[in-house]
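Breakdown of the fold
Listed here are the chains, written in short residue letters.
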Amino acid sequence: MAAPVGVYVHWPYCPSKCGYCDFNAYLLPRRPHAYADYTASLLQEISLAERTGDLSGPLQSCAFGGGTPTMFPVEQLVQVLGALRQAGLAPDAEVTVEANPGDLEVAALGRLAEAGVGRLSIGAQTFSDPLLKAIGRVHQASDIGRAVQMAKRAGIRRVNLDLMYGLPGQSQADVAYALQRALALGVGHVSAYALELEPATVFGRRAARGELALPSEQSVIEMGDLVEETLSAAGLYRYEVSNYARPGEESQHNLAVWRRGRYRGFGAGAHSFIGERRWWNVASPLLYSRRLAAGEGVVAGEEDVSALAMGEWVYLSLRTLVIDTERFGQEFGQPWQDVFPASTLWAVAEGWLSWQGQTLVVAKERRWLLNQIAERFLEEGALSQRRLTPCADAG
Amino acid sequence: MHPLSRIRNFSIVAHIDHGKSTLADRLIELTGAVTARRMVAQVLDTMDIERERGITIKAQTARLPFVAADGQSYTLNLIDTPGHVDFSYEVSRALAACEGVLLVVDAVQGLEAQTLAHFYTALEAGLVVIPVINKIDLPNADVERVSADLEALGFLATEILAVSAKDGRGVETLLQALVDRLPPPQGDPDAPLRALVFDSHYDPYRGVIAHLRVVDGAVALGESVRLMAGGGLYTCEQLGVFTPLPVAVERLEMGEVGFLAAGIRSVAEVPVGDTVTLGERPAAIALDGYRPAVPMVFAGLYPAEPAQYDVLKDALEKLRLNDAALSFEPETSTALGFGFRAGFLGLLHLEVVQERLEREYGVDLVTTAPHVIYQVQLTDGSELRIDNPSHFPRPDVIREIREPMVEATVFAPGEAVGAVMELAQQRRGSFVTLEYPTPGRAKLIYRLPLGEIMYDFFDQLKSRTRGYASLDYQVCGVEVADMLKVDVLLNGEAVDALSFVCHRSQAESRGRGLCQELRRLIPRQMFEVPIQAAAGSRILARETIPAMRKDVLAKCYGGDISRKRKLLEKQRAGKRRMRRVGRVEVPQEAFMAILKAERS
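Residues numbered from 1 in each chain as written. Chains lettered and ligands numbered in written order. Predicted model: local features only at pLDDT ≥ 70, side-chain atom pairs only at ≥ 80, totals over all residues.

**Here's the deal with the overall build of chain A**
Secondary structure summary: chain A contains 15 helices and 17 strands in total. Expressed along its principal axes, the backbone C-alpha trace of chain A runs to roughly 55 × 55 × 45 Å. Counting across all 395 residues of chain A, residues that qualify as buried make up 47%. Put simply, 73% of the contacts in chain A that link residues at least 6 apart link residues at least 24 apart. (Helix = DSSP H or I, 4+ residues; strand = E, 2+ residues; numbered from the N terminus. Buried ≥ 20, exposed ≤ 12 C-beta atoms within 10 Å, placed from the backbone. Contact = placed C-beta atoms within 7 Å.)

**Focus: the overall build of chain B**
Helix and strand content of chain B: 14 helices and 33 strands. For chain B, the C-alpha radius of gyration of 27 Å lies close to 25 Å, the compact-globule estimate for 600 residues. In terms of principal-axis extent, the alpha carbons of chain B reach across some 85 × 70 × 55 Å. Sorting the 600 residues of chain B into buried and exposed places 48% on the buried side. Sequence separation of 24 or more characterises 70% of the internal contacts of chain B that already satisfy a separation of 6 or more. (Rg over C-alpha atoms; globule rule 2.2 N^0.38 Å.)

**Description of the domain arrangement of chain A**
Residue and element names in this part refer to chain A. If you check the domain split of chain A, you get domain 1 (4-257) and domain 2 (309-388). Its C-alpha centre places domain 1 at a distance of 29 Å from the equivalent point of domain 2. Contacts between the two partners involve five residues from domain 1 and, on the opposite side, five residues from domain 2. A per-element tally of the side of domain 1 that touches domain 2 places strand β9 (residues 237-240) first, with three residues. In terms of residue class, the side of domain 1 that touches domain 2 is made up of three nonpolar, no polar and two charged. (Domains from an automatic or database assignment. Nonpolar A, V, L, I, M, F, W, Y, C, P; charged D, E, K, R; others polar.)

**Observations regarding unusual backbone geometry**
Of the consecutive residues Gly66 of chain A and Gly67 of chain A, the connecting peptide bond is found in the cis state with omega at 15°. Tracing the backbone through its elements, the reader meets Gly67 of chain A in the loop between β4 (59-66) and α2 (74-86). Located in the positive-phi region is Gln125 of chain A, a residue other than glycine, with phi close to 70°. Assignment of secondary structure puts Gln125 of chain A in strand β6 (residues 117-125). A tally of 25 C-beta atoms within 10 Å means that Gln125 of chain A is categorised as buried. Here Asn491 of chain B, not a glycine, exhibits a phi torsion of approximately 55°, which is positive. Relative to the elements of secondary structure, Asn491 of chain B occurs in the loop between β27 (483-490) and β28 (493-494).

**Examining the sheet that holds strand β16 (residues 353-356) of chain A**
All names here are of chain A. With respect to topology, three strands assemble into an open sheet ordered β15-β17-β16, the strand pairing being antiparallel. The open sheet has two free edges, formed respectively by β15 (322-324) and β16, since each of these has just one partner strand. On average, each strand axis in the sheet is tilted by 25° relative to the strand beside it, whichever way the strands run. Of the strand pairs in this sheet, β15 and strand β17 (residues 359-362) are connected by three bridges, and their pairing is antiparallel. What sits directly across from Ile323, in β17, is Leu360. (Pairing = 2+ DSSP bridges. Axes fitted to C-alpha atoms, helices over the stretch in contact; angles between N-to-C directions.)

**Overview of the packing of helix α3 (residues 106-114) of chain A against helix α5 (residues 141-154) of chain A**
Residue and element names in this part refer to chain A. At a closest axis distance of 8 Å, the pairing of α3 and α5 adopts a crossing angle of 45°. The orientation of α3 with respect to α5, classified from their angle, is oblique. In this structure, the crossing between α3 and α5 has a hand that is right-handed. Of the residues in α5, those in contact with Val106, Leu109, Gly110 and Ala113 of α3 are Met150, Ala151, Arg153 and Ala154. Of the residues in the contact of α3 with α5, the class split is six nonpolar, one polar and one charged. (Parallel < 35°, antiparallel > 145°, perpendicular 65-115°, else oblique. Left-handed = near helix turned anticlockwise from the far one by under 90°.)

**A short note on the interface of chain B and chain A**
With 19 residues of chain B in contact, the opposing surface of chain A contributes 30 residues. Along the lines of polarity and charge, the residues of the side of chain B that touches chain A split into eight nonpolar, four polar and seven charged.

**Looking at the sheet that holds strand β12 (residues 238-242) of chain B**
Residues and elements named next belong to chain B. Sheet architecture is open: eight strands sit in the order β11-β10-β16-β7-β8-β15-β12-β13, paired in antiparallel fashion. What marks the edges here is a single partner per strand, and that holds for β11 (233-235) and β13 (246-249). Strand-to-strand, the axes of this sheet are offset by a mean angle of 40°, without reference to chain direction. With five bridges connecting them, strand β8 (residues 207-216) and strand β15 (residues 257-261) associate as antiparallel partners. Considered in β15, the bridge of Leu212 is made with Gly258.

**Description of the pairing of β15 of chain B**
Residues and elements named next belong to chain B. Among the five residues of β15, five are classified as buried, and the element is accordingly described as predominantly covered. One ladder, built from three bridges, connects β12 with β15; its direction is antiparallel. Bridge assignment links Gln238 to a residue of β15, and that residue is Ala261.

**A short note on the nonpolar core**
Counting residues in hydrophobic clusters, the biggest one holds 175 residues, and the most contacted among them are Val101, Leu103, Leu212, Val219, Leu260 and Val410 of chain B. In terms of residue count, strand β23 (residues 398-413) of chain B provides more of this core than any other element does, seven residues in total. Leaving out residues up to four positions away in the same chain, Val410 of chain B has contacts with Ala113, Val420, Leu444, Leu461, Ala469 and Leu471 of chain B. By size, the runner-up hydrophobic cluster in this structure holds 86 residues, among which are Val5, Leu55, Val148 and Val298 of chain A. (Core = buried A, V, L, I, M, F, W, Y, C linked by C-beta atoms within 7 Å.)

**Quick look at helix α10 (residues 285-293) of chain A**
Residue pairs spaced three or four apart in an α-helix point in one direction, given the helix's 3.6 residues per turn. All names here are of chain A. Regarding α10, the residues found buried are Pro285, Tyr288 and Ser289. Here the buried residues of α10 occupy an arc of 95° about the axis, which is enough to place them on one side. Packing partners of the buried residues in α10 comprise β3 (26-27), α1 (34-52) and β13 (277-281). (Arc of directions from axis to C-beta.)

**Quick look at the packing of helix α6 (residues 172-184) of chain A against helix α8 (residues 217-233) of chain A**
Packed helices, taken two at a time, are described by the angle between their axes plus the distance between the axes. All names here are of chain A. Contact pair α6 / α8: the axes reach a minimum separation of 10 Å and the direction vectors enclose 20°. When the axes of α6 and α8 are compared, the pair comes out roughly parallel. For the crossing formed where α6 meets α8, the hand is right-handed. The residues of α8 that touch α6, namely those facing Gln172, Val175, Ala176 and Leu179, are Ser219, Glu222, Met223, Leu226, Val227, Thr230 and Leu231. Here the residues of the contact of α6 with α8 sort into seven nonpolar, three polar and one charged.

**Section: the environment of Pro131 of chain B**
Along the chain, Pro131 of chain B falls in strand β5 (residues 128-134). Each C-alpha atom, one on Pro131 of chain B and one on Ala165 of chain B, is 14 Å from the other, the two residues being 34 residues apart in sequence.

**Describing the environment of Thr544 of chain B**
Residue and element names in this part refer to chain B. With respect to the secondary-structure elements, Thr544 resides in strand β31 (residues 538-545). By C-beta crowding, Thr544 is classed as exposed, having 12 other C-beta atoms within 10 Å. If we ignore the near neighbours within four places in the chain, the residues touching Thr544 are Glu528 and Pro530.

Shown next, in the form of structure tokens:
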């Protein structure tokens, strides 16, 4: 059974809730013990997983996400990291922590660096104060530079800035300015996300009522193209739809996810993927803690994806805009051409993909339409798998 | 079997939802025809679709034993009738098999269009009508007002019964009233057999089961029987009565209601309204009122996946065994491939067939917009009957076009009269009469093109009267009209399955409405898709579906994989259900979009 190569820990609290956010995040709790209680539950879930053998693999990466992990007292983060080390997290594993620019302190960051955190992912979003305010962020543009400096001083080697485009009221100039500022700060990694409207968010509801002045689709595309041009010119290449890095500075944890690597997630709403089973915990932090305290399971749902493995592999690979067909063959013991003959023929003939050696590369002008390719490969993958492994159902 | 004097044959008629089926259930239950344990709500509505929609499509019958006040036991034959205007001919045949009807009126809703239609049909057929106010258990029941309305129709206050089919109140009195007020069957027991076929159904083991009312004479097992209109000669293999479960008997005599099986292979051989007589001693004259089923509405039925053509064909053939009014023949569409042009009694009939094909036979269907028959006279003197817009001749060879008309009765609250008239006029209706049969309720009669009734007329009527209007219509003749064929071009190519015929004065607005509706329904493609509506070479309207520019997920991390993969799978499955027309993927609903075009 495929063993995990990474771990994820979810920290579900935030100082404010942003208009676009549909993550499993909750406003800063009033109860004084909320943080400690939650951390204790995390430790409990980790030790349970250790006993059940969920963490048997060589764990090469770890990501702390949220919510805002840095809202928790730093010693609690360090304690959880310690527990993961004991459970098998490799000494040289890349450990990433997500952070808000506004609430960081050098001492705390130093403590994280000491504990092995080598990468800080800062939610900058934009460098325009009015826009930051409009989307519900609590930080200001000037905080971002300070946060990057602090991380460097604290000894955290790699810094990522998260940026957003396509925000209500945002202009090309705003995006250009944000890119320029980010590059001036010397970061080696930028994630730039086009705004997606989720129905269950403040923005989703406002957009449905027609109250959101969103840029046109055409301007969003221009913004995205500007991101790619500017960042590649500065030496940050696009290694995923929304991620840019200097070579060697790619997020190890996320790369593993897109290679369909296994991971174990801890915390409220966290997702895990081990063997061919994906499952997710209950979303509410309170319920999560209560269930663990009562000795009950925290799994809210699960899915057996063995029949979808091949298609899913391509769907994830496509995130990186290249498909390594040789690696596919090694992983599944089936030649690529036997599994995806029709989709490959179509995609190459219609100019979506082109061969470079054993690799299929997504055409530059089709990157905005990636779902159109992914859905075909998902479908053919499922059909081929049924055809190639006829005994799977009976077994 | 009881002597004639102790048989009563009756039907229940009511506007839709006024509780006809519930009353039938209660009668069956109270007379003990079906034991309570076997009683499923609404035993008479046997088809799933009927039960779900609360309407009766196929009539059923039940023989109810009843001990009356005089201490004698009687046989009450309940002949259930279909409850929708599409089936008014079937209703008239069921009524012809009775001596009386229960006219059921909802204690809250009061009189409706079909209540009146049924009332007049029953009067014209010379039947005894017993007015029954149902649903008196409802808190807002207004028995007094509904009684007054019924009195306005000419009933005496003392004749009117009040019942609750739901809790059984008043039902006993109603049974006694059937015995007291209805005459026993009349006829000549010694004359040659004449039995009226008022319904039939197909049984996979015994062939067609004809539902009969014996008017004159008698029929026994083993005798040879002949259908006077259908022409077939058969041997009577089985006779029986419905209790409502079928029970075999050896003989059916004058005045009785029952069934006959004679190895008949298709219901089309036993048309409703036909007369059964004996092969050896035939009657000279058939019973009155037989009329072959004439389809009024036509639509293209295509399999969503071309490979399912044979499944669809097979399913249609099986359905036709049980539905004499359904007709179909193969047709080919450049857009939709191989399919069938099918004829129906009306829109509801079309919907029922569509649902049965999908539900009972698992066929995924693409249906084109329903269409009426136009009689087209050409300049060379010949005449065509056009049931498919793509066969419409070129304008320069047409001399004259005639379209089928209906007389529509709308029953609506007095204050909605203006809104109803406005709608009828928009739909090219001509005013016939306006009456107020009861205070506050208006009865409007309009002569309207049948084709106009298809365009969402009933929904529009409901929305303009806040749901209070009811509609009944009867086909009546044809009229000359200036009709025009409108074509739709997708990406520059004419799509035959989207063409429609309408009056010249409406071509532009309907063309525009359809283009707008199609723009809404057809998803963006990889390229820009122009949609045009054209009459001949003249473009009436144009819309454009912009090319798809952006379809990519911004994020896909560990926690997103399952949910977002499912989104893509759903998107793909949606495309699978579309038909490719030229280079454009068109969803199935688009082929019915014209019906909504009036609204946009």
